[in-house]
Amino acid sequence: MDPPQVYLNNAATSWPKPPGVIAAVNEALRLPFSEAGRSAGGLSSDCVADTRGTVARYLHAPDPNHVIFCANATDALNILIQGFAKKEGKPFHVITTQTDHNSVIRPLRTLEAEGRCRVTVVPCTGSHVEPAAVAGAIRPDTRLAVISHGSNVLGSVQDIAAIGRLLQERGIFFIADGAQTAGLVPLDLRNLPVDAFVFTGHKYLFGFPGTGGFYLRDPARIAPTRQGGTGTDSKNPFQPGGMPEKFEAGTHNYPGLVSLAAGISFLEQTGADAVTRCIRKQTAIFLEEFLATDAIQVYNPSPELPVISFNIRGLGNDDAGFVLRKMYGIVTRTGLHCAPLIHERIDGGSGCVRISPSVLTPQDDCRHAAECIREVADRANSS
Amino acid sequence: MPRSASGRWRTVPIAAEQCLKNCADGRIKKEYLLTGPFTQKTASCLEPFGSVQLLTFLPKPLFTLVRLPKMNMRAVIGENVLEVWYEPADLPTAEPEIYRLLAKDVGQPED
């Protein structure tokens, strides 16, 4: 398959990966993997421990052993949500928002259908969830809030510091879903008032699919939902309670974790300021074209993330995505982006086209793609 | 490839089909690789199936078809890919119908 001319679907999975990521994985695959507890081989390199340290350093997580690896953000959210409900033991009230993804909505609605929780969805104002709206949704039995840090449709970033403070004051466990923000928004988990922060490796951290995890401040608040080999305490018939073993069962995705560490190294070398400048420039390039015509309806004209969702008037999003792919070689994503609640508000639930460059998308490609999309829109509205 | 009513394999101008995941409203997206280019004649063969439009304002003409309530399809004229979005409940009856109509494009008998 030929590479796309312009790949604008990084909010789903980033491409290309930095050359250093591919080189690191190639190098790692040349040698046997070693992980403490699972190999009698030399431990000059333990890719799991090394990557745990890298993630902790990057997110400023106070304790590397509280960084838990799993398959992706959805997996992490399931472990946390199910584990919280198991630990809680009795039905409780939970808050989420209109911008949240099915990785949050579906586990919560499933718990609700089982009679284990009641869900309140907080609407957003414009593109943001107001902390006051979250405060207004709190009830005496509210025990949990699961809130998307960055919207994968609107590209907005929620003020999880303000939201976290008000939740913390009321003793409500707060899970922030950072699937869209890790790698784009500077994070300092030493000071951020969240109880758990979820990340995925395959988006803006530039790792491979199949990597992700969460940081958990107080492991006592979550019951483990999986049991199995940990490479430690093997005579114990139950899951060990120490960290990170409490939440990690089975052999890790070693090549994936190597890619994740290399992706983070790339970001550290690039620098957070350079990433921010780049994505601001990229979104400006697209918005300059899109906002100059009535033929394109943009759903958030001031995104904080490099995510722009739109529809072309007179052309369905299915058709628009098809035309851009087949006639211009531009890869977008169309439909509901696994976030149906926000689409109900912005486009009546019919979906839209989303573009999402990364720091590795050349600005010339962004300019070319923006002009092509504008051309399609203008042609569709001039006939 | 579907069998005809007589039980014989029917020759249709579809070389391969692929069911694709999508993040839409529960519809099933399938892509058909045709044995030849999708032409205006191919488009006319599909006319009985729904409301056809030929979007000529694009760099290449685009065929679209909408069949209410939610089924649609599209192809670039001159290329050999047809994309179809099905309602899951319609797939068992709609897909053989598409095969049958496309058979007309290469002059195959319709059973």
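Residues numbered from 1 in each chain as written. Chains lettered and ligands numbered in written order. Predicted model: local features only at pLDDT ≥ 70, side-chain atom pairs only at ≥ 80, totals over all residues. Heavy atoms only, no water.

## Here we look at the overall build of chain B
Then step 1. The helix and strand inventory of chain B stands at two helices and six strands.
Then step 2. When its helices and strands are written in sequence order, chain B yields β-β-α-β-β-β-β-α.
Then step 3. Sorting the 111 residues of chain B into buried and exposed places 43% on the buried side.
Then step 4. Taking the contacts inside chain B whose residues are at least 6 apart along the sequence as the reference set, 46% of them involve residues at least 24 apart. (Helix = DSSP H or I, 4+ residues; strand = E, 2+ residues; numbered from the N terminus. Buried < 20%, exposed > 50% of the residue type's maximum accessible area, 1.4 Å probe, protein only. Contact = heavy atoms within 4.5 Å.)

## Observations regarding the nonpolar core
In a soluble, globular protein the nonpolar side chains are often hidden away together inside.
Then step 1. If you look at the biggest cluster of nonpolar residues, it comprises 57 residues, and the most contacted ones within it are A:Val134, A:Phe174 and A:Phe199.
Then step 2. Tallying contributions element by element places helix H7 (residues 254-270) of chain A first for this core, with seven residues.
Then step 3. Counting residues domain by domain, this core receives three or more from each of domain 1 (6-17 + 271-382) and domain 2 (19-269) of chain A.
Then step 4. Within the second largest apolar cluster, 35 residues are counted, among which are A:Val6, A:Leu287, A:Ala295 and B:Phe57. (Core = buried A, V, L, I, M, F, W, Y, C linked by side-chain atoms within 4.5 Å. Domains from an automatic or database assignment.)

## Digging into the domain arrangement of chain A
Often, the extent of an interface is quoted as the loss of accessible area upon association of its parts.
Residue and element names in this part refer to chain A.
Then step 1. Its domain assignment divides chain A into domain 1 (6-17 + 271-382) and domain 2 (19-269).
Then step 2. The straight-line distance from the C-alpha centre of domain 1 to that of domain 2 is 27 Å.
Then step 3. Buried surface at the junction of domain 1 and domain 2, both sides included, amounts to about 2800 Å², of which 60% is carbon and sulfur.
Then step 4. When the area that domain 1 buries against domain 2 is broken down by residue, the three leading residues are Lys-17, Leu-305 and Leu-341, summing to 25%.
Then step 5. Counting every contact that joins domain 1 to domain 2 gives zero salt bridges.
Then step 6. Linking domain 1 with domain 2 are 24 residue pairs in polar contact (both at pLDDT 80 or more). (Buried area = accessible area lost by both parts, 1.4 Å probe. Salt bridge = Lys/Arg side-chain N within 4 Å of Asp/Glu carboxyl O. Polar contact = N/O pair within 3.5 Å; in protein donor to acceptor, adjacent residues only side chain to side chain.)

## A short note on the sheet that holds strand S6 (residues 81-86) of chain B
Then step 1. Reading across from one edge, S1-S2-S6-S5-S4-S3 (chain B) is the order of the six strands in this open sheet, with antiparallel pairing throughout. Edge positions in the sheet fall to strand S1 (14-20) and strand S3 (51-55) of chain B, since each has one partner strand and no second. If you compare each strand with its neighbour and ignore which way they point, the axes differ by 15 degrees on average.
Then step 2. Alignment of strand S2 (residues 28-34) of chain B against S6(B), held across six bridges, turns out to be antiparallel. What sits directly across from B:Leu33, in S6(B), is B:Val81.
Then step 3. Contacting S2, strand S4 (62-67), strand S5 (71-76) and S6 of chain B, helix H9 (residues 317-328) of chain A runs over the sheet at an angle of about 20 degrees to S5(B). (Pairing = 2+ DSSP bridges. Axes fitted to C-alpha atoms, helices over the stretch in contact; angles between N-to-C directions.)

## Focus on the sheet that holds strand S12 (residues 333-335) of chain A
Residue and element names in this part refer to chain A.
Then step 1. Taken together, the four strands give an open sheet; going across it, the order is S9-S10-S13-S12, and neighbouring strands pair in antiparallel fashion. Only two strands of the sheet have a single neighbouring strand rather than two, namely strand S9 (296-298) and S12. Averaged over all adjacent pairs, the angle separating strand axes in this sheet is 30 degrees, with direction ignored.
Then step 2. As judged from the three bridges shared by S9 and strand S10 (residues 308-312), these two strands associate in the antiparallel manner.

## Topic: H7(A)
Residue and element names in this part refer to chain A.
Then step 1. Its 17 residues give H7 an end-to-end C-alpha distance of 24 Å, which sits within 8% of 24 Å, the value for a rise of 1.5 Å per residue.
Then step 2. Of all the 17 residues making up H7, twelve are buried; the element is thus mostly covered by neighbouring parts of the structure.
Then step 3. Where H7 is concerned, the buried positions are Tyr-254, Gly-256, Leu-257, Val-258, Ser-259, Leu-260, Ala-261, Ala-262, Gly-263, Ile-264, Phe-266 and Leu-267.
Then step 4. The elements touched by buried residues of H7 are helix H1 (19-29), helix H2 (47-59), strand S2 (67-70), strand S7 (196-200) and helix H8 (272-290).
Then step 5. Taken from the residues just after H7, Gly-271 is the one with a positive phi, measuring 95 degrees. (Expected span 1.5 Å × (residues − 1).)

## Here we look at helix H4 (residues 102-113) of chain A
All names here are of chain A.
Then step 1. Under the 1.5 Å per step criterion, the end-to-end length of H4 is 15 Å for twelve residues, consistent within 8% with the ideal 16 Å.
Then step 2. Turning to H4, its buried residues number three or more, namely Asn-102, Ser-103, Val-104, Ile-105, Pro-107, Leu-108 and Leu-111.
Then step 3. The inward-facing, buried residues of H4 contact helix H3 (73-88), strand S3 (92-97), strand S4 (117-122), strand S5 (142-148), strand S6 (173-177) and helix H10 (340-346).
Then step 4. Two residues or fewer after H4 comes Gly-115, characterised by a positive phi angle close to 75 degrees.

## Some details on the layout of surface pockets
Then step 1. Estimated volume of the second largest pocket: approximately 430 Å³.
Then step 2. What lines the second largest pocket is a set of 26 residues, and nearest its centre among them are A:Gly316, A:Asn317, A:Asp318, B:Arg27 and B:Asn72.
Then step 3. For the lining of the second largest pocket, the secondary-structure elements that each account for two or more residues are H9 of chain A together with S3, S4 and S5 of chain B.
Then step 4. For the lining of the second largest pocket, the per-class residue count stands at nine nonpolar, eleven polar and six charged. (1 Å grid on protein atoms, 1.4 Å probe; cavity = no way out; pocket = protein on both sides within 12 Å on 5 of 7 lines; lining within 4 Å. Points joined across faces, edges and corners; volume = space filled by probe spheres on them. Nonpolar A, V, L, I, M, F, W, Y, C, P; charged D, E, K, R; others polar.)

## What about the interface of chain A and chain B?
Then step 1. With 20 residues of chain A at the interface, the matching set in chain B holds 22 residues.
Then step 2. When chain A packs against chain B, the two sides together hide about 1600 Å² of surface, and 64% of this comes from carbon and sulfur.
Then step 3. Of all residues in chain A, A:Asp318, A:Phe322 and A:Met327 give up the largest surface area on contact with chain B, accounting jointly for 38% of the area buried on that side.
Then step 4. For the pair chain A and chain B, the number of links is four salt bridges.
Then step 5. Across the salt bridge formed by B:Glu31 and A:Arg325, the nearest N and O atoms sit 3.5 Å from each other.
Then step 6. Along the contact surface separating chain A from chain B lie six residue pairs in polar contact (both at pLDDT 80 or more).

## What about the environment of A:Phe206?
All names here are of chain A.
Then step 1. Inspection of the secondary structure assignment puts Phe-206 in the loop between S7 and strand S8 (212-216).
Then step 2. Judged by relative accessible area, which is 1%, Phe-206 ranks as buried.
Then step 3. Distance in space between the C-alpha atoms of Phe-206 and Val-258 is 11 Å, their sequence separation being 52 residues.

## Looking at the packing of aromatic side chains
Then step 1. This structure, assessed with the given rule, holds ten aromatic pairs over all chains.
Then step 2. With a centroid separation of 4.9 Å and an interplanar angle of 55 degrees, the aromatic rings of A:Phe290 and A:Phe310 are classed as tilted. Placement of the pair is A:Phe290 in helix H8 and A:Phe310 in strand S10, with a sequence separation of 20 residues.
Then step 3. By relative accessible area, A:Phe290 is classed as buried at 0%.
Then step 4. Residue A:Phe310 is classed as buried on the basis of its relative accessible area of 0%.
Then step 5. Grouping aromatic residues by their ring pairs yields a cluster made of A:Phe84, A:Phe92 and A:Phe173.
Then step 6. Across from the ring centre of B:Phe49, 4.0 Å away, lies the NZ or CZ of B:Arg67, which sits over that ring. (Phe/Tyr/Trp six-rings, centres within 6.5 Å; stacked < 30°, edge-to-face > 60°. Lys NZ or Arg CZ within 6 Å of the ring centre and 35° of its normal.)

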